[in-house]
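Residues per chain, in single letters:
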Amino acid sequence: MNRIIAKKTLREYWEKHSDCEQYLKTWYETVKHSNWENPVEIKKTYTSASILKGNRVVFNIKGNSQRLVVKFNYERQWAFIRFIGTHEEYNKIDADNV
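Everything in this summary refers to the structure shown in the same document. All values reported here derive from a predicted model rather than from experimental measurement. (Residues numbered from 1 in each chain as written. Predicted model: local features only at pLDDT ≥ 70, side-chain atom pairs only at ≥ 80, totals over all residues. Heavy atoms only, no water.)

Within the secondary structure layout, S34 lies in the loop between α2 (21–32) and α3 (39–45). For S34, a relative accessible area of 10% translates into the label buried. A distance of 2.6 Å separates a polar atom in the side chain of S34 from the backbone oxygen of T30. (Helix = DSSP H or I, 4+ residues; strand = E, 2+ residues; numbered from the N terminus. Buried < 20%, exposed > 50% of the residue type's maximum accessible area, 1.4 Å probe, protein only. Polar contact = N/O pair within 3.5 Å; in protein donor to acceptor, adjacent residues only side chain to side chain.)

Below is the structure:
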């Protein structure tokens, strides 16, 4: 099971963007109950996820209108929320370093 660091970040986001709430809750539950040991295993569940360097993964949320960047520690089964925002906002950040 993954421990997701900063669920509060997700909650604060969906409180402002209620149309994303169910998508983020579904993502959260899926990740929480996963035991991914590497990016290949993530891609089996989320085929549209983009694998970045530094154990970061970009998830497309709500039909790719939102992006979620997560840094994984596979050994400890931790998932760190690094960014959540619109596709447009995502294009303005450096996902490898947020």
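Next comes the rest of the description.
Turning next to α2. With 12 residues, α2 extends 16 Å between its outermost C-alpha atoms, agreeing within 8% with the 16 Å of an ideal straight helix rising 1.5 Å per residue. Looking at α2, one finds that the buried residues are L24, W27, Y28 and V31. One face of α2 carries all of its buried residues, which in axial projection span an arc of 100 degrees. Those residues of α2 that are buried lie in contact with β1 (3–5), α1 (7–16), β3 (56–61), β4 (66–73) and β5 (78–86). (Expected span 1.5 Å × (residues − 1). Arc of directions from axis to C-beta. Contact = heavy atoms within 4.5 Å.)

If you want to describe how two helices pack, look at the angle between their axes and the distance between the axes. The geometry of α1 relative to α2 is characterised by a closest axis approach of 9 Å and an angle of 165 degrees between their N-to-C directions. By the criterion of interaxial angle, the relationship of α1 to α2 is roughly antiparallel. Relative to α2, α1 is oriented so that their crossing is left-handed. Only E21, L24, K25, W27 and Y28 of α2 make contact with α1, whose side of the interface consists of K7, L10, Y13 and W14. (Axes fitted to C-alpha atoms, helices over the stretch in contact; angles between N-to-C directions. Parallel < 35°, antiparallel > 145°, perpendicular 65-115°, else oblique. Left-handed = near helix turned anticlockwise from the far one by under 90°.)

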